[in-house]
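The residues making up each chain are set out below.
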Amino acid sequence: MNYEPRFIARNKRGPIMKINDVSKLTGLPISTLRFYERKNLIPDSYVKRDANNYRVYSEEIVEFLDDVKALLSVDFSIEELSLLVDQELNLSYEAKTAMIEQKIKEIEEIQKRLKKSKKFLNAVLEGKASFQTKC
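All figures in this text were calculated on a predicted structure; none of them were measured in a lab.

Asks: Help me understand the side chain of serine 58, please; the structure alone is not making it clear to me.
Replies: You can see serine 58 is positioned in strand β4 (residues 55-58). Residue serine 58 is classed as buried on the basis of its relative accessible area, which comes to 6%. In this structure the side chain of serine 58 is engaged in a polar contact, spanning 2.9 Å, whose partner is the side chain of glutamate 60.

Asks: Is there a simple way to think about the pattern of salt bridges in this case?
Replies: Oppositely charged side chains can form a pair if their charged atoms are brought close together. Considering all chains together, one arrives at six salt bridges under this definition. As a salt-bridge pair, lysine 103 and glutamate 106 come within 3.2 Å of each other at their nearest N and O atoms. Here glutamate 106 and lysine 103 lie together in helix α5 (residues 93-125), a separation of three residues that amounts to about one turn. A relative accessible area of 5% means that lysine 103 is categorised as buried. Here glutamate 106 falls in the partly exposed class, since its relative accessible area comes to 33%. Measuring nitrogen to oxygen at the nearest pair gives 3.5 Å for the salt bridge that ties glutamate 109 to lysine 112. One end of the pair is glutamate 109 and the other is lysine 112, both in helix α5 and three residues apart, which spans about a single turn. With relative accessibility at 55%, the residue lysine 112 sits in the exposed group. Each of Glu80, Lys103 and Glu106 takes part in one network of salt bridges that share partners.

Asks: What should I look at first to understand the nonpolar core in this one?
Replies: Soluble, globular proteins show a tendency: their nonpolar side chains are buried together. Counting 22 residues, the largest nonpolar core has Tyr36, Ile61 and Leu65 as the members making the most contacts within it. Among the secondary structure elements, those contributing two or more residues to this core are α1 (19-26), α2 (30-38), α3 (61-73) and α4 (78-85). Looking at this core, the element that brings in the most residues is α3, giving five residues. Dropping the residues within four chain positions of it, leucine 65 is found in contact with Val22, Thr26, Leu28, Leu33, Tyr36 and Ile42.

Asks: How should a nonpolar patch on the surface be read in this particular structure?
Replies: A surface patch of nonpolar side chains, amounting to about 300 Å² of accessible area, comprises Phe120, Leu121 and Phe131. With respect to the element layout, phenylalanine 120 can be found in helix α5. Residue classification places phenylalanine 120 among the partly exposed positions, given a relative accessible area of 37%.

What counts as what
Residues numbered from 1 in each chain as written. Predicted model: local features only at pLDDT ≥ 70, side-chain atom pairs only at ≥ 80, totals over all residues. Heavy atoms only, no water. Helix = DSSP H or I, 4+ residues; strand = E, 2+ residues; numbered from the N terminus. Buried < 20%, exposed > 50% of the residue type's maximum accessible area, 1.4 Å probe, protein only. Polar contact = N/O pair within 3.5 Å; in protein donor to acceptor, adjacent residues only side chain to side chain. Salt bridge = Lys/Arg side-chain N within 4 Å of Asp/Glu carboxyl O. Core = buried A, V, L, I, M, F, W, Y, C linked by side-chain atoms within 4.5 Å. Contact = heavy atoms within 4.5 Å. Patch = residues over 30% accessible without salt bridge, like charges linked within 9 Å, V, L, I, M, F, W, Y side chains within 5 Å. Areas by Shrake-Rupley, 256 points an atom, 1.4 Å probe, with all protein chains shown as cover.

Read these as geometric descriptors, not functional statements.
Here you go:
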């Protein structure tokens, strides 16, 4: 993306951005960012409120949201991600590890099914599969 954020202020940790800047940098709609906040998916360390009660984000939020998008793309649910992120829930390291290991197993199963499907489709293209259509 060629968007250059307009940083509105600096604090002790560096530049902070408004929600519109974060939306443009991540490609996520503002409504999605607000939804993530309501679901406790965005840790408080990334978002604060200014004197006018506007949301202001640290620049680290962009990388965090890229990670969230990657995890959502491998079928983590919002609820699962919230459990992993929410510090107040005190979910144990073992519980978080078990969630991630389970997701890896699910991905491996999907990969096996995709590999089998790909093999079948290649057989169809080569005329080696007993399928009702000719390609």
